[in-house]
Amino acid sequence: MVLATDEVYTYAIFNYAEINWSSHTEAGGDTTGGEGGVPAYIGFNAGNGTQAYEYKPYSQASVLRDLTGRGWANGFPGRHIFRIDERIMLGTCNKDIDASHLPLVFAPESGNMLGGTVVNITGPCFSREDRIACRFDTEEVVGTVVDTNRAICIQPFLKAQGYIRFEISIGTDRFKWRGRYFVETPATATDRIFFETDDVHRRNPNEIRITWNRFNLTTNLNANVQISLWGYREATIRPELEFIDMIETQLTNTGAYTIVPANYRMRDNPRTVDMQFGFIQINLTNPEQYNNLRISPVLWSKPIPLGWYFGPQWERIHGRNWPRALCENWLRTDRFLRNFAHELPICPCTLEHALHDKGRFLPDPDCDRDSNPTCLQHRGAIHCVRSGQPTVQGSEQQCCYDRNSYLMLSYDQMWGSRPRRNHNIGQIPWNEANKVPTLSTWFHDVRPYYSCCMWQDEQAVGCETFRFERRPSQDCIAYQSPGVAGVFGDPHIVTFDGLQYTFNGMGEFVLLRGNNGRERIDVQGRFEQVSRNIHGPVMATQLTSIAARGNTSTIIEVRLRPRE
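Residues numbered from 1 in each chain as written. Predicted model: local features only at pLDDT ≥ 70, side-chain atom pairs only at ≥ 80, totals over all residues. Heavy atoms only, no water.

- An unreviewed UniProt entry annotates the protein chain as AMOP domain-containing protein of Anopheles maculatus.
- Under the heading Subcellular location (unreviewed entry), UniProt records this for the protein chain: "Membrane". (UniProt positions renumbered as here; feature names shortened; annotations may be inferred.)

Given below as structure tokens:
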């Protein structure tokens, strides 16, 4: 056995060259050949009393002799590798033919909703003649076999967010291997393409400089990449993410490029000219330059307005004051949609309240004092929060705070807080217009802010209509802070209405039960006797486990780790 670590990740490698016995005499095996009885246990534990790993299907089974011919770590039969951090992950193929014992292992376990993430798959033993298919939720793609131990699938465009089903099929066997894949919304996904300035948000910039980590595409530094422009719209019930134009086709992968909008002034895109926001995409020009495989990772930018590209075309259609025309078109459409402001949660009055109201409000990634303090669309703000869950209609509250920690209102300035018709995480079913994570938010709420306010004067009729009528801030007069309750010590209990008492019962009890008609929550606690100390038994109990469940969530359990 080999243990290896870089002080970040730790790996255990088991090398099986020859197996001469399968069971101990105390397990019923014979004394000469080590056969019969219960085969040996194969695995390891973390040494902390809470983690143990049994290597199925070999452990305590007659197939353990197949260990010498399976594994194939680094191309060697009999070599089995595991990552043994807090979560134990198998890194080699095995004989679990029907995937009945072992989960599918893949990395990375998450990707941008827009697609293009290269997912490496381990678990079953592959053959180059096998046809591999991967199913991400309802979308199916064909995979590529790399070697006996690894296959690759490229994540497609997924109209979903959060955990989804991830399954693979091998040959004629239909999707026996299963796991869970996490889909990140475009607004919260890791940045892959960076804009050095905010020029991309301007009406008519001279240049747009972008950078990216070139090793995210390939380690081949001589590889060429292509840069393309994509747009999004919701003209029908089916959302559309479509290709607009090729920005560059043969660019050496240096990790930097400067877009000159003047080069596209004479473009004519009648089929996509109605798209007002979209994305920049970077991928390999020749996919075979990715490890000699015909696949290419894809890098996506965050959502960006497309005034720098379509501005000249909009001017030819609407005249020099094209932002006003785009704004008026949106205003006419938005007035036909139903009102959503009445069901939004009320903003906290101060930043301190907002930071402590963690159950209802989360940091806004576009204006976060810790990760993104630029606050481009809310100048003067130091931090914004948004409601954590969508309302029944799928809308979202936004609350921004100035340097004095007070709530900023759109009645005072165009940079104030703005409620949104669509929540960033979308709404089920995510594949319909008005419900797509991030994209529907940009289409209905962020896109018009550019044409009505950012590309016009603050006192323009369109901007004032946007601020005062269509997306007005709500004050905090009716805000009620959340109640706080707690359990501590041996144990002492403080209820939501401030009652304090001590309860030394032992067993499992309901700590909280709530039901407002739309949402339900149950929290249960387990109380056990405190362990003996040097003075003998302790006549008190303590909270050792909590389980919580909502009507829209799975069961979450937290246990106190034993000392022994």
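Observations concerning the environment of I208
Piece 1. By secondary structure assignment, the location of I208 is in strand 19 (residues 208-212).
Piece 2. Those residues within four positions of I208 in sequence are excluded, and the remaining contacts are F195, V200, Y257, T258, I259, P261 and W308. (Helix = DSSP H or I, 4+ residues; strand = E, 2+ residues; numbered from the N terminus. Contact = heavy atoms within 4.5 Å.)

Some details on the domain arrangement of the protein chain
Piece 1. You can read the domains of the protein chain as domain 1 (2-183), domain 2 (193-317), domain 3 (338-470) and domain 4 (486-559).
Piece 2. Computed over C-alpha atoms only, the centres of domain 1 and domain 2 are separated by 38 Å.
Piece 3. Overall, the association of domain 1 and domain 2 removes approximately 900 Å² of surface from exposure, summing both partners, and the carbon and sulfur fraction of that is 76%.
Piece 4. Linking domain 1 with domain 2 are 0 salt bridges.
Piece 5. Put simply, domain 1 and domain 2 have 2 residue pairs in polar contact (both at pLDDT 80 or more) between them.
Piece 6. Where the side of domain 1 that touches domain 2 is concerned, the elements lending two or more residues are strand 14 (144-147) and strand 15 (150-154).
Piece 7. For the side of domain 1 that touches domain 2, the per-class residue count stands at 6 nonpolar, 4 polar and 1 charged. (Domains from an automatic or database assignment. Buried area = accessible area lost by both parts, 1.4 Å probe. Salt bridge = Lys/Arg side-chain N within 4 Å of Asp/Glu carboxyl O. Polar contact = N/O pair within 3.5 Å; in protein donor to acceptor, adjacent residues only side chain to side chain. Nonpolar A, V, L, I, M, F, W, Y, C, P; charged D, E, K, R; others polar.)

Quick notes on the sheet that holds strand 31 (residues 500-502)
Piece 1. One open sheet accounts for 3 strands, arranged 29-30-31; its pairing is antiparallel. In the strand order of this sheet, the two ends are held by strand 29 (486-488) and strand 31, each with one partner. Within this sheet the neighbouring strands show an average axis-to-axis angle of 20°, counted without direction.
Piece 2. Bridge count for strand 29 against strand 30 (residues 492-494) is 3 bridges, and the pairing is antiparallel. (Pairing = 2+ DSSP bridges. Axes fitted to C-alpha atoms, helices over the stretch in contact; angles between N-to-C directions.)

Things to note about the sheet that holds strand 12 (residues 132-136)
Piece 1. Taken in spatial order, the 5 strands line up as 10-17-16-12-13 in an open sheet, and their pairing is mixed. Only two strands of the sheet have a single partner each, and these edge strands are strand 10 (110-112) and strand 13 (139-142). Strand-to-strand, the axes of this sheet are offset by a mean angle of 35°, without reference to chain direction.
Piece 2. Both strand 16 (residues 162-170) and strand 17 (residues 173-184) contribute to a ladder of 8 bridges, which runs antiparallel. Pairing of I168 across the sheet is with W177, part of strand 17.

Some words on the packing of aromatic side chains
Aromatic ring pairs are defined here through the distance separating the ring centres and the angle between the ring planes.
Piece 1. The final tally for this structure, using the stated rule, is 32 aromatic pairs.
Piece 2. Between Y55 and Y58, the aromatic rings sit 5.0 Å apart at their centres with planes inclined by 65°, giving edge-to-face as the arrangement. Here Y55 and Y58 have matching classes, each one buried.
Piece 3. Relative to Y181, the ring of F136 has its centre 5.3 Å away and its plane inclined at 80°; by these criteria the two rings are edge-to-face. You can see F136 sitting in strand 12 and its partner Y181 sitting in strand 17, a full 45 residues away along the chain. The exposure classification of F136 matches that of Y181, with both residues buried.
Piece 4. Looking at R180, its charged tip hangs above the ring of Y163, at a distance of 4.1 Å from the centre.
Piece 5. Its end group placed over the ring of F443, R447 keeps NZ or CZ at 4.2 Å from the ring centre. (Phe/Tyr/Trp six-rings, centres within 6.5 Å; stacked < 30°, edge-to-face > 60°. Buried < 20%, exposed > 50% of the residue type's maximum accessible area, 1.4 Å probe, protein only. Lys NZ or Arg CZ within 6 Å of the ring centre and 35° of its normal.)

Remarks on the UniProt feature "domain: AMOP" (unreviewed entry) in the protein chain
Piece 1. Annotation from UniProt places "domain: AMOP" (unreviewed entry) at residues 319-470.
Piece 2. With 30% helix and 10% strand, the stretch residues 319-470 has end C-alpha atoms that lie 25 Å from each other.

Overview of the pairing of strand 1 (residues 2-5)
Piece 1. Strand direction decides the pairing type here: strand 1 and strand 2 (residues 10-15), joined by 4 bridges, are antiparallel. Bridge pairing in strand 2 links A4 to Y11.
Piece 2. As consecutive antiparallel partners, strand 1 and strand 2 are separated by 4 residues, and within that stretch E7 has a phi angle of approximately 70°, a positive value.

A closer look at the pattern of salt bridges
Piece 1. Scanning all chains against the criterion turns up 31 salt bridges.
Piece 2. For R178, the salt bridge is made with E167, and the minimal N-O distance between the two is 3.5 Å. With R178 in strand 17 and E167 in strand 16, this residue pair connects regions lying 11 residues apart in the sequence.
Piece 3. Between R209 and E207 there is a salt bridge; the shortest N-O distance is 2.6 Å.
Piece 4. Under the relative-accessibility criterion, R209 is labelled partly exposed at 31%.

A few points about the environment of Q474
Piece 1. Structurally, the position occupied by Q474 is in the loop between helix 5 (461-470) and strand 29.
Piece 2. Leaving out residues up to four positions away in the same chain, Q474 has contacts with A341, L344, P345, Q397, L407 and L409.
Piece 3. From its side chain, Q474 meets the backbone oxygen of A341 in a polar contact 2.9 Å long.
Piece 4. A polar side-chain atom of Q474 sits 2.7 Å from a polar atom in the side chain of Q397.

A few points about the state of the cysteines
Piece 1. Evaluated as defined, the whole model comprises 7 disulfides.
Piece 2. Here C349 connects covalently by a disulfide to C476, the sulfurs 2.2 Å from one another. Around the S-S axis, the bridge from C349 to C476 shows a dihedral of about 110° and counts as right-handed. Of the two residues, C349 sits in the loop between helix 2 (322-334) and helix 3 (351-356) while C476 sits in the loop between helix 5 and strand 29, which places them 127 residues apart along the sequence. (Disulfide = S-S within 2.5 Å.)

Concerning unusual backbone geometry
Piece 1. Across the junction of A107 and P108, the peptide omega takes the value -5°, indicating a cis bond.
Piece 2. Here the amide bond leading from I428 into P429 is cis, since omega sits at -5°, within 30 degrees of zero.
Piece 3. As for its position among the elements, P429 is in the loop between strand 28 (398-402) and helix 4 (439-454).
Piece 4. Even without being a glycine, N434 presents a positive backbone phi close to 75°.
Piece 5. Along the chain, the position of N434 falls in the loop between strand 28 and helix 4.
Piece 6. A relative accessible area of 36% means that N434 is categorised as partly exposed.
Piece 7. With a phi close to 65°, T438 is a non-glycine residue in the positive phi region.
Piece 8. Among the secondary structure elements, T438 is positioned in the loop between strand 28 and helix 4.

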